[in-house]
Amino acid sequence: MANITLGGNPTTTNGSLPEIGTKCPDFKLSAKDLRQVSLNDYAGKKLVLNIFPSVDTGVCSASVRTFNKHASAHPDTVILCISRDLPFAQARFCAADGLEDVVVLSDFKTGQFGRDYGVEIESGAFAGLHARAVIVTDAKHNVVYSEMVPEIGQAPDFDSALKALS
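These lines cover the structure that appears in this document, whether it is placed above or below.

What counts as what
Residues numbered from 1 in each chain as written. Predicted model: local features only at pLDDT ≥ 70, side-chain atom pairs only at ≥ 80, totals over all residues. Heavy atoms only, no water. Phe/Tyr/Trp six-rings, centres within 6.5 Å; stacked < 30°, edge-to-face > 60°. Helix = DSSP H or I, 4+ residues; strand = E, 2+ residues; numbered from the N terminus. Buried < 20%, exposed > 50% of the residue type's maximum accessible area, 1.4 Å probe, protein only. Arc of directions from axis to C-beta. Contact = heavy atoms within 4.5 Å. Salt bridge = Lys/Arg side-chain N within 4 Å of Asp/Glu carboxyl O. Pairing = 2+ DSSP bridges.

What to know about the packing of aromatic side chains
Scanning the entire structure with this criterion turns up 3 aromatic pairs. Taking the centre distance of 5.9 Å and the plane angle of 80° together, the rings of F27 and F113 count as edge-to-face. With F27 in the loop between β2 (9-12) and β3 (28-30) and F113 in helix α3 (residues 112-116), this pair connects stretches of sequence that are 86 residues apart. Accessibility expressed as a relative area gives 2% for F113, which makes it buried. Centroid distance F67 to F158: 5.2 Å. Interplanar angle 75°. Geometry classified as edge-to-face. Within this pair, whereas F67 is found in helix α1 (residues 58-71), its partner F158 is found in helix α4 (residues 158-163), the two being separated by 91 residues in sequence. Comparing F67 with F158 shows no difference in burial state: the two are buried. These aromatic residues form a ring-pair network of at least three members: F27, F113 and Y117.

Structure representation (structure tokens):
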């Protein structure tokens, strides 16, 4: 369980992020076209998992834009932006902002990704949504960097996450 805050108010997540050096748990998430994707769909690629509560909040949308801006500099990497938003909302957001270099995925069907990755918020206004976190993997999907952002309203450490891709 991670202790985080939302607007300074304490809350917790259901668990902890995968440890550095461990393999990421598999997942089944919904793409914008509603097809199911899993970790194996990104075999041989480094990953950045940009996890957040909703694209309809300022910090979340800014994180997607920031990672999109840096995506083309890392052709061996796929940046996955993961929330519980409906795939239709994710697609609308990306289309409106011209974001084409990141992949948005939704955990709306079961929330299992949030539970497996330890990011499901347990209480407060965002209960059931994902906490803000970033996980970076190598091409074998072993975790090389992870950050649970302590205050949901803060941006992640983009520089450290991107440096972990080197």
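Quick notes on helix α2 (residues 87-97)
Considered for burial, the residues of α2 that qualify are P87, A89, Q90, F93 and C94. Buried residues of α2, seen end-on, are gathered within an arc of 165° and therefore sit on one face of the element. Facing away from the buried side of α2 by over 90 degrees, the exposed positions are F88, A95 and A96. Downstream of α2 by one or two residues, G98 has phi in the positive range, about 65°.

Structural notes on the side chain of E120
By the element assignment, E120 lies in the loop between α3 and β8 (133-137). Take E120: its relative accessible area is 18%, and that puts it in the buried class. Not counting the four nearest positions on each side in its chain, E120 is found in contact with T12, T13, N14, G114, R115, G128 and L129.

Here we look at the pattern of salt bridges
What the rule picks out here adds up to 4 salt bridges. Between K46 and D76 there is a salt bridge, and its shortest N-O distance comes to 3.5 Å. One end of the pair, K46, is in strand β5 (residues 46-51); the other, D76, is in the loop between α1 and β6 (77-83), and 30 residues separate them in sequence. Take D76: its relative accessible area is 35%, and that puts it in the partly exposed class. Residue E120 is joined to R115 by a salt bridge in which the shortest nitrogen-to-oxygen separation is 3.6 Å.

Details of the pairing of β5
Residues in a regular strand project their side chains so that they alternate between the two faces of the sheet. Of all 6 residues that make up β5, 5 are buried, and the element is covered over most of its length. Summarising the sheet, β5 and β6 pair through 6 bridges and their orientation is parallel. Directly across from N50, in β6, lies its bridge partner C81. One ladder, built from 5 bridges, connects β5 with β8; its direction is antiparallel. The residue of β8 that forms the bridge with N50 is V134.

Distances and angles like these do not, on their own, reveal function.
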